[in-house]
Amino acid sequence: MNEFPCFVSPLARQAAWNLCALECLSGTHTWSFNPFYRWSFWCTRRMMAMTPDEAAAWLPALAFAVSCEKDADVLAELAWWPLPEPLPPEALPWRDRLIRSWEQYPADTTREKTIRLAALVRLDRRAERLREWLTEARRAMDLAPEDRHLRLAALAGWRPRPGDRPASGNIRKAVSQWVQFWKKLYRAPGSQPDGLIAATALLHLAEAGWLPSGPSPERLRAEFRQRVQQVQQWTASYPARSVLRMLLSSVSADASSPEQQDIMAWLELTHENVSWEKREAVWDMLAAWQREGVLGRSGRGRLPGRPLLLPGLARTLEWEQDRDVLLAMAGYIPGAVDVSAHPEAARAVIARWEALGRNDDSQIRQAAWVGRWNFLRAGILTAEEQGRFGSDYVEAIGSEKSRDVLLALARITPPGTFPLATWAGRLSDQDDRCRLPAHLAIHGWLVEVMEGASGEWRVASGRSPLTTRYSRPAARQYGQFPELPLRLATGRRQVRQALRRAGQDIGDGTVAPFVNLPPEVWPDFRRLHEIETALAAGHLPPSPDTGAGNRPIPRTVPARLPESHPQTGPPGITDRTAGRTAGSEPPARHPFPEVIRHE
């Protein structure tokens, strides 16, 4: 029987690469014993531009990460991964597997139990689970104040699914009790967190039409913002900051589109005289609203006041120096409407991110690269700005000493030709935490090159913008060439053909100059296609250790690969920007027409 699927969709292939890359990371000492490294990876990845299908393609990797994770801070970051709505049908089994991973997680502490509950409430929005959530809410009232606030904030994030209505008697009763629980907490005099938490829960119910006799969504949204504005002393502690983050991140922009005055009111909470904790939470929420409006499908996040965010971002970047706030701001993704309305602000933001990329603080440099990448992917950089991005990227790879910045750079697709030689030079770095990003970057590039050589094709269906630079005839599929991936991984001729297709040929039939890559950098294509096969069938693959003894060790491949010379002019944009002068405004177009790859 053919062990490779006859057809693997672009979404499944992207998900397979994400999971394969995470398995590669998880097998290293640096990843396993450094929780901050893992937290930085997931936090940065969450802020980087992703289309809905790209976010869905991370669900299998998230399920794997949750099953392995032991650090509470990393778990909290995993719990806030954006879940696109609606999910493509192919990704529904992956979401279900992620839910099972959270349900099976052995939470030993009160905080871990709260994080697990917060993730489940966001992922499983069926009304059938309200009785379970109601039981947890009642139990939370017996916890210590800080633990109670965290637990209630996690539960307050539950939102009914669009179009859902309680039908059966048992569910209808649970819904009524759920509403009454939050109304009682909403009316009861008490601390600031309790009222804010209850207002958040009621807002979700009102926007879904589940609060017929209560306050209107408009009134609750205004009151929610006012309560956030009134929050003062209690945000100084870490649990209180977590409460504020959970509440603001649960408020979506799609159910009740805020008007311009609402956006302006939120921007007032990002001023310099506001605490950094509140600035971070508000920018995180506003950037998420922006991503919904630019990237979402089915009209999510239509914000009449959205163009106001860009000038607000430009003004704040002039003075903001807090690393956490800057990372939240870096998640902002501009749309064509925003840039056309405020072109000067767009250029100012790009210039400021470029300047912050030279800051002495490594986390600020990391945020700056995320911000620049989001603007590049949105397709609004001029030819000059694209050229600076490419040259700064290559320079940063060669000189950057921060492992976190390097890890962010490894997830960025640079303009021009892939700087293989520069990344390969970091493989000899004495710090294994700096070698790992180079390994990841080269590993991903080789996967793309080999799949392109094998005739793989990725086309954008009406919903999935996951595309690549290779567009091969549909007849060349795995079913006809099951041995091709392994042959490509070991054959010198096929390797050179792949490199020539990737633009690495110097023109006389040879591939030069060369750099040496250790064999461990090469992907295990057999494992990659095992993952693709499993995901295409709707389930996760077995552990990489399962049956490892039966799987042949990948043969050593030729280690001499070409050194590529960085070029200006970003991939997929060069032709469209060739005649554009520096500083000129790019033509308005829908962002993310394709995933930017190397030409």
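The preceding data block contains the structure.
One numbering rule holds for all chains: residues counted from 1, following each sequence as written. Owing to the predicted nature of the model, reporting of local features is limited to residues with pLDDT of at least 70; listing and counting of side-chain atom pairs is limited to 80 or more, with chain, interface and lining totals taken over all residues. Only hydrogens and water are removed before side-chain values are computed, so all heavy atoms of the structure are retained for them.

## So, the overall build of the protein chain
- Going along the chain from the N terminus, every DSSP run of H or I of four or more residues is numbered as a helix, and every run of E of two or more is numbered as a strand. Within the protein chain one finds 29 helices and two strands.
- For the protein chain, restricting intrachain contacts to residue pairs at least 6 apart in sequence, the fraction spanning at least 24 positions comes to 76%.
- A total accessible area of about 23,900 Å² is found for the protein chain, and carbon and sulfur atoms account for 50% of it. Residue contacts follow a heavy-atom distance rule, with two residues in contact if any of their heavy atoms lie within 4.5 Å. With residues, only the protein chains shown are counted as cover, and all accessible areas are computed by Shrake-Rupley using a 1.4 Å probe.

## Concerning the side chain of R151
- Tracing the sequence through the fold places R151 in helix α10 (residues 145-156).
- Here R151 is in contact with T110, K113, T114, L117, E136, A140 and L143, once residues within four sequence places are set aside.

## Overview of the environment of G371
- With respect to the secondary-structure elements, G371 resides in helix α21 (residues 362-377).
- Think of it in three bands: residues with accessible area under 20% of the maximum for their type are buried, residues over 50% are exposed, and the middle band is partly exposed, with areas taken using a 1.4 Å probe on protein chains only. A relative accessible area of 1% places G371 in the buried class.
- Between the C-alpha atom of G371 and that of I333, which follows or precedes it by 38 residues, the distance is 8.1 Å.
- What G371 contacts, discounting residues up to four positions off in sequence, is A330 and W353.

## Re the environment of T382
- With respect to the helices and strands, the residue T382 is situated in the loop between α21 and α22 (383-399).
- Note: C-alpha distance between T382 and R347 (35 residues apart in sequence) is 9.3 Å.

## Points about the pattern of salt bridges
- What counts as a salt bridge is simple: a side-chain nitrogen of Lys or Arg found within 4 Å of a carboxyl oxygen of Asp or Glu. Counted by the stated rule, this structure contains 31 salt bridges.
- Two residues, R125 and E85, come together in a salt bridge whose shortest N-O distance is 2.1 Å. Of this pair, R125 sits in the loop between α8 (110-123) and α9 (130-140) while E85 sits in the loop between α6 (72-79) and α7 (92-103); the two residues are 40 residues apart in sequence, bridging distant segments of the chain.
- Given a relative accessible area of 8%, R125 falls into the buried group.
- Residue R347 is joined to E385 by a salt bridge in which the shortest nitrogen-to-oxygen separation is 2.8 Å. With R347 in helix α20 (residues 343-356) and E385 in helix α22, the pair connects residues that are 38 residues apart, well separated along the chain.

## Side note on α6
- Among the eight residues in α6, seven count as buried, and that is most of the element.
- For α6, the full list of buried residues reads A72, V74, L75, A76, E77, L78 and A79.
- Residues adjacent in sequence count toward polar contacts only when both atoms are side-chain atoms; beyond that, a polar contact is any pair of N or O atoms within 3.5 Å, and within protein one must be able to donate a hydrogen and the other to accept it. For α6, the N-terminal cap is D71; the gap from its side-chain oxygen to the backbone nitrogen of D73 is 3.0 Å.

## Thoughts on helix α18 (residues 323-330)
- Of all eight residues in α18, six are buried, a share of seventy percent or more.
- Among the residues making up α18, those that are buried are V325, L326, L327, A328, M329 and A330.
- If you check the start of α18, you find a side-chain oxygen 3.0 Å away from the backbone N of D324, and it comes from D322.

## Some remarks on the nonpolar core
- W42, W102, W182 and W423 are the most contacted members of the largest nonpolar core, which has 173 residues in total.
- Setting aside residues up to four positions removed in sequence, W42 forms contacts with L22, W31, W58, L62, A65, V74, E77, L78 and W81. We call a set of buried Ala, Val, Leu, Ile, Met, Phe, Trp, Tyr and Cys residues a nonpolar core when their side-chain atoms join them within 4.5 Å.

## Quick notes on the packing of aromatic side chains
- Note on aromatic contacts: the rings of Phe and Tyr and the six-membered ring of Trp form a pair at centre separations within 6.5 Å, being stacked when their planes are under 30 degrees apart, edge-to-face when over 60 apart, and tilted otherwise. This structure, assessed with the given rule, holds 17 aromatic pairs.
- Here W31 and Y37 contribute two aromatic rings whose centre-to-centre distance is 6.4 Å and whose plane-to-plane angle is 85°, an arrangement assigned as edge-to-face. You'll find W31 and Y37 in the same group, each marked buried.
- Ring centres of F41 and W58 lie 6.2 Å apart, and the angle between their planes is 65°; this geometry places the pair in the edge-to-face category. Of the two residues, F41 is situated in helix α3 (residues 35-47) and W58 in the loop between α4 (52-56) and α5 (59-68); the sequence distance between them amounts to 17 residues. You'll find F41 and W58 in the same group, each marked buried.

## What about the packing of α21 against α22?
- Axis angles are defined between N-to-C directions and span 0 to 180 degrees, where every axis is a line fitted to C-alpha atoms and, for a helix, only to the segment in contact. Their axes nearest at 12 Å, the elements α21 and α22 cross at an angle of 145°. The crossing of α21 and α22 is left-handed. Mapping the contact onto sequence places W369, R372, W373 and L376 in α21 and Q386, R388, F389, D392, Y393 and A396 in α22.
- Polar here means any residue other than Ala, Val, Leu, Ile, Met, Phe, Trp, Tyr, Cys and Pro, which are nonpolar, and Asp, Glu, Lys and Arg, which are charged; Gly is therefore polar. For the contact of α21 with α22, the per-class residue count stands at six nonpolar, one polar and three charged. A clockwise turn of the near helix away from the far one marks a right-handed crossing, whereas an anticlockwise turn of less than a right angle marks a left-handed crossing.

## Quick word on the packing of α3 against helix α23 (residues 403-410)
- Contact geometry of α3 with α23 gives a least axis separation of 10 Å together with a crossing angle of 40°. Relative to α23, α3 is oriented oblique. When you trace α3 past α23, the crossing you get is right-handed. Across the interface between the two elements, F36, Y37, S40, F41 and T44 from α3 touch R403, D404, L407 and A408 from α23. Angles below 35 degrees are treated as roughly parallel, those above 145 as roughly antiparallel, those between 65 and 115 as roughly perpendicular, and all remaining angles as oblique.

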